[in-house]
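Close look at the chain arrangement
Residue strings, one per chain:
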Amino acid sequence: MEYRLLQTQKQLQHLNTSYNKWSYLPSISGFVNYSYNYLNNNFGNLYDKTFPSSVFGLKLSVPIFQGTKRIQEIRKSELQEKRIDLDLLNTKNRINTQYEQAMATYKANLNDWKTARSNVDISRQVYNTIKLQYDEGIKTYLDLMTSETDLRTAQLNYLNSLYSLLSSKLDVQQALGTITVN
């Protein structure tokens, strides 16, 4: 959105520069005036007779010297065009940076999610083993509760990493411009 706005501003500024360059060209203008004159010596008969009159003309203006105003206006407009070009480049770089950061975060969160998923599998295996040992009377109840707590913690970490992964996926899509997040 911002990038398109800057492109539109650039086009408008280019048109402004062209307009300033055209100020060196002579200008021609014309006019036409047509009217009716009502003349009579008697006031009562004033509108009985009309006398049409018309005037037309052309005006040619050749700009000879206006100081350096036109030159300065053209330079100013060209500098504003260059400024908009720099703003476009800056916006493009900012968008690329945002995308690269979003992709790096996404890849890191993807790795964390995979690690958390494997941790849940390992914690489940440990819990199942300790539960079997508890059922056989080999392990204590405290060992069973500790392994169950570790399993719940691993599951919670897995869900948190899944949330972070999905959130970073939205950031990537926002950086690509496929969605807008308010």
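In what follows, the structure referred to is the one given above.
Just so it is clear, the model here is predicted, and its values are computed rather than measured.

As for the side chain of R70
As for its placement among the helices and strands, R70 is situated in helix α2 (residues 69-136). E73 provides the closest opposite charge to the buried, unpaired R70, separated from it by 11 Å. Not counting the four nearest positions on each side in its chain, R70 is found in contact with S23, Y24, P63, I64 and F65.

Some points on the packing of aromatic side chains
In this description, a pair of aromatic rings is defined by centroid distance and the angle of the planes. Going through the model one piece at a time under the given rule, you end up with four aromatic pairs. The ring of W113 has R117 sitting right over it, with the charged end atom 4.6 Å from the ring centre.

Quick look at the environment of N42
As for its placement among the helices and strands, N42 is situated in the loop between β1 (27-38) and β2 (50-61). Its relative accessible area of 45% is what places N42 among the partly exposed residues. Remark: the alpha-carbon pair of N42 and I64, spanning 22 residues in sequence, is separated by 53 Å.

Notes on a nonpolar patch on the surface
A surface patch of nonpolar side chains, about 780 Å² in accessible area, is lined by I28, L58, L60, V62, I64 and F65. By secondary structure assignment, the location of V62 is in the loop between β2 and α2. Overall, the relative accessible area of 52% leaves V62 in the exposed class.

Describing the side chain of S168
Its place among the elements puts S168 in helix α3 (residues 141-176). Among the polar contacts made by the side chain of S168, one reaches the main-chain carbonyl oxygen of L165 at a distance of 2.8 Å. Aside from chain neighbours lying at most four places away, what touches S168 is A102, T105, Y106 and N109.

Parameters at a glance
- Residues numbered from 1 in each chain as written.
- Predicted model: local features only at pLDDT ≥ 70, side-chain atom pairs only at ≥ 80, totals over all residues.
- Heavy atoms only, no water.
- Helix = DSSP H or I, 4+ residues; strand = E, 2+ residues; numbered from the N terminus.
- Buried < 20%, exposed > 50% of the residue type's maximum accessible area, 1.4 Å probe, protein only.
- Lys, Arg positive; Asp, Glu negative; His and termini not counted.
- Salt bridge = Lys/Arg side-chain N within 4 Å of Asp/Glu carboxyl O.
- Contact = heavy atoms within 4.5 Å.
- Phe/Tyr/Trp six-rings, centres within 6.5 Å; stacked < 30°, edge-to-face > 60°.
- Lys NZ or Arg CZ within 6 Å of the ring centre and 35° of its normal.
- Patch = residues over 30% accessible without salt bridge, like charges linked within 9 Å, V, L, I, M, F, W, Y side chains within 5 Å.
- Areas by Shrake-Rupley, 256 points an atom, 1.4 Å probe, with all protein chains shown as cover.
- Polar contact = N/O pair within 3.5 Å; in protein donor to acceptor, adjacent residues only side chain to side chain.

These figures capture arrangement, not role.
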